[in-house]
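# Commentary on secondary and tertiary structure
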Amino acid sequence: MHSPSGYDLMSRINHWLIAIAILGMLALGLFLEFGGLAREDKRWLIDIHKSVGVLVLIYGVWRVLWRIIQGFPESDESTMPQWQEIASKIAHWALLAGILIMPISGVVASIFNGRSIAVFNWFSIPAQTEIAWLSGAAGYTHKYTGFTLALIVALHIAAALKHHFVDRDSVLIRMVQGAAK
Ligand code: HEM
Ligand code: HEM
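In what follows, the accompanying structure is described. (Residues numbered from 1 in each chain as written. Chains lettered and ligands numbered in written order. Predicted model: local features only at pLDDT ≥ 70, side-chain atom pairs only at ≥ 80, totals over all residues. Heavy atoms only, no water.)

Our focus in this paragraph is the overall build of the protein chain. A tally of regular secondary structure across the protein chain gives five helices and two strands. When the helices and strands of the protein chain are read in sequence order from the N terminus, they spell out α-α-α-β-β-α-α. Its C-alpha atoms give the protein chain principal-axis dimensions of roughly 55 × 35 × 30 Å. Burial statistics for the protein chain: of 181 residues in total, 34% are counted as buried. Across the protein chain, every contact between residues at least 6 apart in sequence was considered, and the portion connecting residues at least 24 apart equals 73%. Summed over its atoms, the accessible surface of the protein chain is roughly 10900 Å², and 69% of this surface lies on carbon and sulfur atoms. Across the protein chain, the centroid of the 14 positively charged side chains sits 2 Å from that of the 12 negatively charged ones. (Helix = DSSP H or I, 4+ residues; strand = E, 2+ residues; numbered from the N terminus. Buried < 20%, exposed > 50% of the residue type's maximum accessible area, 1.4 Å probe, protein only. Contact = heavy atoms within 4.5 Å. Areas by Shrake-Rupley, 256 points an atom, 1.4 Å probe, with all protein chains shown as cover. Lys, Arg positive; Asp, Glu negative; His and termini not counted. Charge placed at Lys NZ, Arg CZ, Asp CG, Glu CD.)

Listed below in structure tokens is the structure:
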């Protein structure tokens, strides 16, 4: 399969836009869960969380498809131990899955709990007939995938920083500037 030798402009825009969105959504979600706000005080924050989440889903489908169609670029670092190559492949697929699983589970949990989702004042996703087990399972998925994703993202960022500042290789540079040649 064709593998580009670096990250093209579209891949970099996609990576950084979704990275910012996911970091913000994880932070907001965890704040909602652990911030100790009363239900009525956090209602408006939940509305923002849901609206942004639906937009992440729409853009995320494009972002993930683009990566699948393009394939991953070859690694520049032939000196990298094989376990790191494998770990990074697993992490990248997990991150791509998280980009879709998080908003899909959020939407399913909400609408099958009989709540419609108003995406800002723009459009809305209608409520469905309540299906308690489906909404419950999706809520559970949202929560535990969210915790797991936060952990993988933390490792991912630590790995990127280690490549740049300790190994001093081109891994981060490729995602900022494109092919590092
Ligand atoms: C990028 C997408 C998203 C990420 C990363 C994300 C992340 C999180 C996290 C980490 C939590 C805290 C754990 C929990 O209580 O379940 C949370 C809570 C929640 N999320 Fe999301 N979420 C996303 C999208 C959505 C969407 C699209 C919806 C619904 C339309 C949604 C609805 C909720 C709700 C209702 C809560 C519980 C808030 C509370 O009652 O405290 N999320 N989210
Ligand atoms: C400050 C935050 C971040 C930094 C510095 C960063 C850095 C990087 C770097 C350097 C690569 C290239 C790795 C390689 O070529 O082997 C990469 C790839 C990747 N990153 Fe991040 N990242 C960040 C946040 C995120 C977040 C929050 C996500 C989750 C959605 C994410 C998802 C991915 C994915 C899926 C790839 C694989 C290539 C692609 O499809 O874009 N990154 N990241």
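On we go.
To continue, consider a nonpolar patch on the surface. On the surface, Leu-23, Ile-157, Leu-161, Phe-165 and Val-166 cluster together into a nonpolar patch covering about 470 Å² of accessible area. By residue number, the principal contributor to the nonpolar patch is helix α4 (residues 132-167), which donates four residues. Note on placement: Phe-165 falls in helix α4. Given a relative accessible area of 56%, Phe-165 falls into the exposed group. (Patch = residues over 30% accessible without salt bridge, like charges linked within 9 Å, V, L, I, M, F, W, Y side chains within 5 Å. Salt bridge = Lys/Arg side-chain N within 4 Å of Asp/Glu carboxyl O.)

Bringing the coordination of the iron atom of ligand 2 into the picture now. Coordination sphere of the iron atom of ligand 2, protein contribution only: His-15 (NE2) and His-156 (NE2), at 2.0 to 2.1 Å. Given a relative accessible area of 14%, His-15 falls into the buried group. Residue His-156 is classed as partly exposed on the basis of its relative accessible area of 26%. (Donors = N, O, S within 2.8 Å, 3.2 Å for Na, K, Ca; no water.)

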